[in-house]
Amino acid sequence: MAKSKIGIKPLGKTVLLQFKKMKETSESGIILPESIHQDVEQKEAIVIALGSGNLSDGKKHKFEVSVGDTVIIPAQAGARIEKNNESYVVVDESRITAIVE
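Residues numbered from 1 in each chain as written. Predicted model: local features only at pLDDT ≥ 70, side-chain atom pairs only at ≥ 80, totals over all residues. Heavy atoms only, no water.

A.B. asks: How do you make sense of unusual backbone geometry when you look at a structure like this?
C.D. replies: It is generally the case that most residues other than glycine have a negative phi and that most peptide bonds are trans. The phi dihedral of Asn84 is positive, around 55 degrees, even though this residue is not glycine. Secondary-structure assignment places Asn84 in the loop between β4 (79-83) and β5 (86-92). Look at Asn85: it is not a glycine, yet its phi comes out positive at around 60 degrees. Note on placement: Asn85 falls in the loop between β4 and β5. Judged by relative accessible area, which is 77%, Asn85 ranks as exposed. (Helix = DSSP H or I, 4+ residues; strand = E, 2+ residues; numbered from the N terminus. Buried < 20%, exposed > 50% of the residue type's maximum accessible area, 1.4 Å probe, protein only.)

So this is what it looks like as structure tokens:
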């Protein structure tokens, strides 16, 4: 797979995700404190890049997600990366809970 636009290339069957921005205000205009986002068990993220899909036995992993998909992952999943003031995470595809349609 090609390297992502941010210069991070996931390996094997891992996926590079960018966290979606959490709402800073409620629908009625109330400002939400940052601490409210820390208790969230699942987070939404956008698929930025896919690994090569190569497995140790020489086979290829077929990804169920595609670049651009919005997915849900456990809040504590994967390896966190901060780059250019943005938050990313690299996770094994099996840690992705769902695709948002």
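A.B. asks: Please explain the pairing of strand β3 (residues 70-74) as it appears in this structure.
C.D. replies: Each regular strand carries side chains that alternate between the two faces of the sheet. Along β3, 4 of the 5 residues are buried, which leaves the element largely enclosed by surrounding structure. Across 5 bridges, strand β2 (residues 42-50) lies against β3 in antiparallel orientation. The residue bridging Gln42 from the neighbouring strand is Pro74, located in β3. As judged from the 3 bridges shared by β3 and strand β6 (residues 98-100), these two strands associate in the antiparallel manner. Across the sheet, residue Ile72 finds its bridge partner in β6, namely Ala98. (Pairing = 2+ DSSP bridges.)

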